[in-house]
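Now for the letters of each chain:
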Amino acid sequence: MNFKSYKLGSLLLLGVTLFAVSCFKDLDTIPLNPNESTSATVYDDPAAYKQVLAKLYAGLAVSGQQGPAGQPDISGIDEGFSTYLRQYWKAQELPTDEAVIAWNDGNIQDYHQQDWDANNEFIAAMYNRIYYQISLCNEFIRETTDAKLDGRGVSGTLRADILKFRAEARFLRALSYWHALDMFRNVPLVTETDAVGAFFPRQATKNEVFAFVESELKAVEGELAAPRSNEYGRADQAAAWMVLAKLYLNAQTYLGTERNSDCVAYCNKVIAAGYTMESDYGHMFTADNDKADGIIFAVNFDGLYSQTYGGMTFICHAAVGGSMSPAAYGLDGGWGGTRVTSAIVAKFPATGGNVVVAPNEGNIGYSIIHAPGSYQGWDPANNTTVLSSPNNDNTYEGYLNFTDANTEFKFTLGPNWDNNYGDTGANGTLDAGGDNIKVAEAGFYKVNVDLNANTYTLLKTNWGLIGSATPDQWNSDQDMVYDPATGAWTITLALVTGEIKFRANDDWGLNYGDTGANALLEAGGDNIAIPASGTYKINLYLDKPDYTYSIERPLFDRRAMFHTDGQSLEIDDIGQFTNGYAITKFKNVTSDGTPGKDKGFVDTDFPMFRIEDAYLMYAEAVLRGGSGGDKATAVGYINLLRNRAYNGSGGNIVESDLTLDFILDERARELYWECHRRTDLIRFGKFSTGDYVWPWKGGVAGGATRPAFYDVFPIPASDIGANPNLSQNTGY
């Protein structure tokens, strides 16, 4: 943290039990132990106000008084397991297409299967953490009223600072109540005006919770620091505007009433605040991302001073396993847990970089014969015009490009004329020292020579691409063009997820595939996979002893941070880390490659809100009919993201491309693993029901729809049992 965390003893509600707010201990007693601090004594130190505020912020990152384990804030649950961010990440990511986890801790797999119930301990941990955080904020707000400050004689600069601190505490409370609304809807609403002690909180309606969050954020808007003027990691006006924008964007989901114009208005406030986008996408997720541009509000971590097994330590460590090098990510080891489904991979135009398949040089030690002629200066020592014998059986094969009609050539057994063969009589039979072989038509020829039978064949070829990934699928070829400078047949083509093969002369008599997926081509070989839709440049190399090819993305989305080495695209077994691509987005190394201060606990902060999200929300709200914006401006904002992603304008869109489906996919490409996906899918009607499924949704490998009540989590059974005022959410 940038400001000091403070050990607060009984002030920090260590007596809060698993049912969170159902019962509080009296905080106003003077302790018999003079070393113990309570609300009656802690504020005797003027510095305590900021120290307690630090604890409120730390409540999003850590979960105890000691760290990384040993003195949990909430009894009955492991300290590292129960952190706010770790539980929020799991709740927002694991039930979606963006993440799976290999572990079988408790009922964690219920998230993937979307079959949780009110006894799920992970949902309970999220709920309890929300309300523990709210209770901390309530107590700070109680202790910073005008009456309390007057009673302590607080005035001047300190009092002005405390006014800002109090506004930040109200922001943090509103943030947690928004999370409660988003995940649980009708929840207990407890504020600083409720008496401290044993009582049963009333269950507020979703409309009441919505109104409370809205009113709190608007009330503190003028008291928070101006955008970009507060200490890093502390809330300012822009952070409040971001929560309001999200509240309004999801109003139709929460209340059945759209508030898209309000969303546009608050996005405009954020955008006008002067944030600039970080030029390097990856820098926003490194150990020095506190220096990255465009982050509006972050949850701060420090490898030495905020040690926890949750938060970013969990997010970074759990993503590393298989063939990945933990040291490359600034870590002392990988936990082999989290990966991404193929549904998200498919939203990117390529994986692992712009080179999807690199050429394979193959075997260069085959026996060869030479083919000197007029097309290459009659030079038998030219090793680029040779035929090879892969089976070393005195039969040779290769491709020669004759640029002119009536080209003449011969075969030689070595790089000289000592043993040469021609065709006297032009009958396909080779003769020692025979006449030059004449090719009437210019073109690219497949040449076969059998020196056992002294015969040869010439087949003029034109090459094309065919397959389910091509525009005409398996019906007809997409013509390739020969590039003499590179010796390759090439094509740049928009493809979809599917398969391809190379075919000569629009006929299956001569075709190449890749059996073994090693970039070496075999006649009649296996189909070649295209992993995702996009524009590809494909080269076919037939000028090497082993035929090979390459697949590149000339327009590569650099946000596709996947580790694919040793990882399968599809997930046959969730419990195996190597099933599914790994994510390399978050790292405990700085932007210049320096490891974080501690390899066990990370320095990387979590960017909860950043300017790119404001651009995306603006565009979506405009498309949903929000006034105060326009589609042309929305396209401009989206293209800011895509210019960075594609390192230029090659990935830019036009107005006709900007649809709601595009926005949902672009949010996944820009914001994956940043705790937005569950909320986004629900807003678009694709989380439980609807026509969108992904691997292991509903516990089925191919994915299955689920009942709509899973859009809302259940109130934990522990709280239902403890508070007679609570009613369970529909379906549970």
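Going by the structure above, here's the rest.
Parameters and conventions
Residues numbered from 1 in each chain as written. Predicted model: local features only at pLDDT ≥ 70, side-chain atom pairs only at ≥ 80, totals over all residues. Heavy atoms only, no water. Helix = DSSP H or I, 4+ residues; strand = E, 2+ residues; numbered from the N terminus. Buried < 20%, exposed > 50% of the residue type's maximum accessible area, 1.4 Å probe, protein only. Areas by Shrake-Rupley, 256 points an atom, 1.4 Å probe, with all protein chains shown as cover. Lys, Arg positive; Asp, Glu negative; His and termini not counted. Charge placed at Lys NZ, Arg CZ, Asp CG, Glu CD. Pairing = 2+ DSSP bridges. Axes fitted to C-alpha atoms, helices over the stretch in contact; angles between N-to-C directions. Core = buried A, V, L, I, M, F, W, Y, C linked by side-chain atoms within 4.5 Å. Contact = heavy atoms within 4.5 Å. 1 Å grid on protein atoms, 1.4 Å probe; cavity = no way out; pocket = protein on both sides within 12 Å on 5 of 7 lines; lining within 4 Å. Points joined across faces, edges and corners; volume = space filled by probe spheres on them. Polar contact = N/O pair within 3.5 Å; in protein donor to acceptor, adjacent residues only side chain to side chain. Parallel < 35°, antiparallel > 145°, perpendicular 65-115°, else oblique. Left-handed = near helix turned anticlockwise from the far one by under 90°. Nonpolar A, V, L, I, M, F, W, Y, C, P; charged D, E, K, R; others polar. Phe/Tyr/Trp six-rings, centres within 6.5 Å; stacked < 30°, edge-to-face > 60°. Lys NZ or Arg CZ within 6 Å of the ring centre and 35° of its normal.

### Things to note about the overall build of the chain
The helix and strand inventory of the chain stands at 17 helices and 27 strands. For the C-alpha atoms alone, the extent of the chain along its principal axes is close to 115 × 50 × 50 Å. Relative to its 732 residues, the chain shows a buried fraction of 58%. Working note: accessible area of the chain is about 26400 Å², and carbon and sulfur atoms make up 48% of it. Here the chain contributes 56 positive and 90 negative side-chain charges, whose respective centroids are spaced 8 Å apart.

### Things to note about the sheet that holds strand E24 (residues 548–552)
With respect to topology, five strands assemble into an open sheet ordered E4-E24-E23-E18-E17, the strand pairing being antiparallel. Whereas interior strands pair on both sides, the edge strands pair on one side only; in this sheet they are strand E4 (355–357) and strand E17 (481–483). Between one strand axis and the next, the sheet turns by 30° as a mean value, whatever way the strands run. Relative to strand E18 (residues 488–495), E17 runs antiparallel, the two being bridged by three bridges. If you follow Val481 over to E18, its bridge partner there is Thr490.

### Brief notes about the nonpolar core
One finds Phe297 and Phe606 to be the most contacted residues of the largest nonpolar core, which totals 163 residues. Apart from the residues within four sequence positions on either side, Phe606 is in contact with Leu85, Phe297, Ala298, Val299, Phe301, Met312, Ile315, Phe586, Trp673, Glu674 and Cys675. Core analysis: the second largest hydrophobic core is formed by 28 residues, Ala469, Met480, Tyr512 and Leu540 among them.

### Some details on the layout of surface pockets
Where empty space is left can be seen by rolling a probe of water-molecule size over the atoms. Taken as a whole, the largest pocket spans an internal volume of roughly 500 Å³. Lining the largest pocket are 24 residues; nearest its centre among them are Thr384, Thr385, Val386, Tyr399 and Asp543. Taken together, the elements giving at least two residues each to the lining of the largest pocket come down to strand E6 (386–389) and strand E7 (395–402). Among the elements that line the lining of the largest pocket, the one with the most residues is E7, at five residues.

### Things to note about helix H1 (residues 48–58)
Of all eleven residues that make up H1, ten are buried, and the element is covered over most of its length. Of the positions making up H1, those classed as buried are Ala48, Tyr49, Gln51, Val52, Leu53, Ala54, Lys55, Leu56, Tyr57 and Ala58. Among the structural elements, helix H4 (121–142), helix H5 (146–152), helix H6 (156–184) and strand E2 (295–299) are those in contact with the buried residues of H1.

### Notes on the side chain of Thr96
Within the secondary structure, Thr96 is located in the loop between helix H2 (84–93) and strand E1 (100–101). A distance of 3.0 Å separates a polar side-chain atom of Thr96 from the backbone nitrogen of Glu98. Leave out the neighbours within four places in its chain, and Thr96 touches Arg677, Arg678, Leu681, Phe687 and Trp694.

### Quick look at the packing of H2 against H4
Their axes nearest at 9 Å, the elements H2 and H4 cross at an angle of 135°. It follows from the interaxial angle that H2 and H4 lie oblique. At the point where H2 passes H4, the crossing takes the left-handed sense. In this structure, H2 contributes Tyr84, Gln87, Tyr88 and Lys90 to the contact, and H4 contributes Phe122, Ala125, Met126, Arg129, Ile130 and Gln133. Tallied by class, residues from the contact of H2 with H4 come to six nonpolar, two polar and two charged.

### A short note on empty space enclosed by the protein
The tally for this structure, following the rule as stated, stands at six cavities of 30 Å³ or more. Approximately 120 Å³ is the volume attributed to the largest cavity. Along the wall of the largest cavity there are 18 residues; nearest its centre are Tyr88, Trp178, Lys246, Cys675 and His676. Listed by contribution, the elements that provide at least two residues to the lining of the largest cavity are H2, H6, helix H8 (237–249), strand E27 (606–610) and helix H16 (677–683). In terms of residue class, the lining of the largest cavity is made up of eight nonpolar, five polar and five charged.

### A closer look at the environment of Leu53
On the secondary structure map, Leu53 appears in helix H1. Filtering out sequence-adjacent residues up to four positions away, Leu53 remains in contact with Phe140, Phe165, Glu168, Ala169 and Arg234.

### Observations regarding the packing of aromatic side chains
Applying the stated criterion across every chain yields a total of 50 aromatic pairs. Measuring from ring centre to ring centre gives 5.5 Å for Phe171 and Phe297, while their planes differ by 80°; the resulting arrangement is edge-to-face. Remark: Phe297 occurs in strand E2 and Phe171 occurs in helix H6; sequence separation between them is 126 residues. Residue classification places Phe297 among the buried residues on the basis of a relative accessible area of 2%. Their ring planes at 55° and their centres at 6.4 Å tell us that Phe210 and Tyr248 sit as a pair that is tilted. Pair noted here: Phe210 is in helix H7 (residues 206–220) and Tyr248 is in helix H8, with a separation of 38 residues, a long-range link. With respect to class, Phe210 is no different from Tyr248; both count as buried. Taken together, Tyr111, Trp116, Phe122, Tyr127, Tyr131, Tyr177, Phe184, Phe212, Phe709, Tyr710, Phe713 and Tyr732 form an aromatic cluster joined through their ring pairs. Over the ring of Phe684 we find Arg624, and its NZ or CZ is 4.6 Å from the ring centre.

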